[in-house]
Amino acid sequence: MFKVIFSRLLQSLVVLWLLYTITFFMLRMLPGSPLTREKAMPEHIAKKMTNYYGLDKPVSEQYVIQLGNFLKGDPGYSFRLEGKPVNDIISQAFPVSLQMGVIAMAIAISIGIPAGCIAAARKNGLIDNGAMAVAMLGICLPSFVSGPILAEWLGRDKQLLPAHGWDSLAPSTWLLPAFTLGLAYAAYLSRLSRAGMLDMLSQDFVRTARAKGVPGWKIIIRHCLRGGLIPSVAYIGPAFAGIISGSLVIETVFQVPGLGRHFIKSIETRDYPVLLGVTMLYGALVILANFLTDVVSIWMNPRLKAKS
Amino acid sequence: MIRHALFLIPALLCLTGCQRETQVDKANREKILLVGNSADPKSLDPHLVTGVIEHNVIRALLEGLVADDAKSDTEYPPGAATSWEHNENYTEWTFHLRPDGKWSDGAPLTSADFIFAYNRLLHPDLAGPYAEMLYFIKNAEAFNKGEITDFSQVGVSAPDDYTLKVTMREPVPFLLGMTRHYTWFPVPRHVILKHGKMTDRFTPWCDPGNFVGNGAFILKEWAINDHIETVKNPLFWDADHVKLNGVRFIPVENFFTETRGFLAGQLHTTYQLPPLLVDKVKSEHPEFLRQEPYVATDFVRINTTRKELSDRRVRMALSKAIDRKQLCDHLLQGNIPCGTISPPMGDYNPDQIVSFDPEGAKALLAEAGYPEGRGFPRFKVLISSSGTRSTVEALQAMWKQTLGVLVDVQPKDWGAYITAQQTLDYDIAIGAWTGDYLDPSTFLLMWTKGNGNNNTGWSNEEYERLLSEAAQQGDPTQRLALFKKAERLFIEDQPILPISYRGRNYLLRPEVKGWHPLLLDNHPWHTISLEPSN
């Protein structure tokens, strides 16, 4: 097991280095620069600023300097929010995205998995067809449609919840964005868990248990749940990494100060340091989530445990 | 079990969520103005920024020599200065600062702070992006470009702690208006030097807790992408008359989200109402809608270095084929059709030179060698945001219908859109310009040869001669007449096709008092009050 962990760690470092390098050079290939302004600066000022920020150095030299600083934990300063350290920007935005992601995932799991299990238990019945129709709707309905509808209805019309904004200490501000974000994941999870459960319910040991007179709910919870949720767990890991690293649509529709808006804004404004910082965080989270998924899958699936 | 769980949902909503009081109600009680400000400022250092969003926040925290007037763009109430005088041809100005003027930490505000501010912004080592706003000062440009290194040669001096003398390079009758721009504001010398050298860019002097200003409000908190909180400055010279306890700036980038938040009781005013919602709000909530003129112009920029577009007749034909009224009636609600670049301002009333004339357009295009558009290449129209797409689609239809000319839409992200124009790597582009102060020079100087904002490849010696003559003219009436002549020459050549004077569509709650239409939209925060009716 430790050998597996060590080998995965080494692979992860290589992946992160490649991610940094590819992102760094691709950014430099985009037209424009962080100093591009709508109101153009006089040439001598632009030259001075290019020099000030070290953008006049060869790209390879910039790469070596910035990678060195990055490894020391200093990804630099933002261009868009002049003089704000990237670490400060991420440390303000990431907790918000994390909080919203955790709540959204909790909503997704608590709706999606029970719905999938119940649907599997009542295969081809009214509940199954109804739940799966709703799930399909949830998958097909993008959050830029469901978000504004919910915000219009509960926020503007009924004034039950704030239509926009986020306050870490005010649950009323969490509900709309987290629910909208969790909705699509819940729909997908319900379909995955239904498929997993149906697979388990068709196994021989289930038939044996039924023949022995074990109650239906006990078969599902005691005998099928662990195996039936393996596909869902494999999905939850990477999805969780995505969900906590920010969602541009949700953050824009509900004015949530998370990482997603920094990600997109930094691309638009060629804010190299912020974009690299956010990309690396996202990359690290995906790697971590995949790793944890593998560990949990091994724990849940005895066949994989034997192989590892 | 499930039934119990279902009960829990509304209970949870009510316990945690149901809003007994809207955010506006709470803010009214606390006298905090909630302002939609579109985006986070790039910085709060007035020497590092160039935009309107920054101006909205900075003018709450700092005050210039002259204050903004609540009702008029051309009234100049005293600010950091109590009085001023100038010589006959507006080249020598003397400002008398108020002796009781203080920074928010209690330090006295003196003329040395102004001199320090101008020295800092003009210093080549700072590379302030908007230093050119001070180029009207004698030798300022030379100092900024490093041609002279002794700041005492620049035309600003302080005969004593409370007198500031400014010598201009040319007559500047509109200086009072300019001093209301943040590039002319003082900065706290003692605070900046505490956190680093004068020309350091990355010092934390602008962070909450460090920022010291002379404005009506103090910076309390800046949560990125969330809000900027300011509170009343008790040491502001007119603090007794400031009715608000604070202003909160909320950077809602999506204007649909912002409008929804406003209607849900989360903002006192919005930055912009999307044109698509104007009719809806007009019918459902007319009490909130404000449509006011603004000192900005929308236009189509032409790359005159393209062979076919270098012909003035072609450009004029494209311009005459645009039905500006249709555009303003259906797509750019609140805007006013225009036939030139400068909006009317103060005593300046430019001629409307070009207008919709389909027959004239057809004749001009035929004269240029493209009857009914035959043989005319298929150019691309560059746009940056989805908001302008409908305008371009309307232009596509108008040009096709009237001239038989086909164009494609070329969307690019913001950085690529700006770069393409600055490198003349485009055919036709949607553009706009917002004035920084109320003088036609803010709209006309940018079209000179080599100016970084020209981006059309167009230049004209006679045009530049007229501008230069206007700059030297001490008589304000003569000066404006020369600008008018230059503007006519520019528009008759059509390197840009004017579309409309931009109107500002936004929402404002009725309890906000002391808020009046202003061309520059610089509503003085310290004169605004919140008076909710019961």
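Residues numbered from 1 in each chain as written. Chains lettered and ligands numbered in written order. Predicted model: local features only at pLDDT ≥ 70, side-chain atom pairs only at ≥ 80, totals over all residues.

What about the overall build of chain B?
A tally of regular secondary structure across chain B gives 17 helices and 16 strands. A compact globule built from 534 residues should have a C-alpha radius of gyration of about 24 Å, and chain B, at 25 Å, falls within 12% of that. Its C-alpha atoms give chain B principal-axis dimensions of about 80 × 70 × 40 Å. For chain B, with 534 residues in total, the buried portion stands at 49%. Within chain B, contacts between residues at least 6 apart in sequence are counted, and of these 68% link residues at least 24 apart. (Helix = DSSP H or I, 4+ residues; strand = E, 2+ residues; numbered from the N terminus. Rg over C-alpha atoms; globule rule 2.2 N^0.38 Å. Buried ≥ 20, exposed ≤ 12 C-beta atoms within 10 Å, placed from the backbone. Contact = placed C-beta atoms within 7 Å.)

Looking at the nonpolar core
Grouped together as the largest cluster of nonpolar side chains are 215 residues, with contacts concentrated most on A104 and Y185 of chain A together with L61, A317 and L382 of chain B. Contact partners of A317 of chain B, with chain neighbours within four places excluded, come to A361, L364, L365, A368 and L403 of chain B. (Core = buried A, V, L, I, M, F, W, Y, C linked by C-beta atoms within 7 Å.)

Things to note about the confidence of the model for chain B
Confidence in the prediction for chain B averages 93 pLDDT; 96% of positions are at 70 or higher. The ipTM value of the predicted complex is 0.85, and its pTM value is 0.89. (pLDDT = per-residue confidence, 0-100.)

Let's talk about the environment of W414 of chain B
Residue position: W414 of chain B is located in helix α14 (residues 414-422). For W414 of chain B, a count of 17 C-beta atoms within 10 Å translates into the label partly exposed. Between the C-alpha atoms of W414 of chain B and S385 of chain B, which are 29 residues apart in sequence, the distance is 7.4 Å. Residue contacts for W414 of chain B: discarding those within four places in its chain leaves E268 of chain A together with S384 of chain B.

Observations concerning the interface of chain A and chain B
Taken residue by residue, the interface counts 45 residues in chain A and 42 residues in chain B. With five residues, helix α2 (residues 43-52) of chain A is the single largest residue contributor to the side of chain A that touches chain B. Considering only residue class, the side of chain A that touches chain B consists of 21 nonpolar, 13 polar and eleven charged. (Nonpolar A, V, L, I, M, F, W, Y, C, P; charged D, E, K, R; others polar.)

A few points about the sheet that holds strand β6 (residues 217-223) of chain B
All names here are of chain B. The strand order across the open sheet built from four strands is β1-β8-β7-β6, with neighbouring strands paired in mixed fashion. Since the sheet does not close on itself, it has two edges, and those belong to β1 (32-36) and β6, each with one partner. Strand-to-strand twist across the sheet, computed as the mean angle between neighbouring axes with direction ignored, equals 20°. In this sheet, strand β8 (residues 246-250) lies alongside strand β7 (residues 227-232) in antiparallel orientation, the contact comprising four bridges. Bridged to E229 within β8 is R248. (Pairing = 2+ DSSP bridges. Axes fitted to C-alpha atoms, helices over the stretch in contact; angles between N-to-C directions.)

Examining the environment of S111 of chain B
Residues and elements named next belong to chain B. The topology assignment puts S111 in helix α4 (residues 111-122). For S111 and R389, which are 278 residues apart along the polypeptide, the C-alpha to C-alpha distance reads 49 Å. The residues touching S111, leaving out its near neighbours within four places in the chain, are L97, A158, D161, Y162, T163 and L164.

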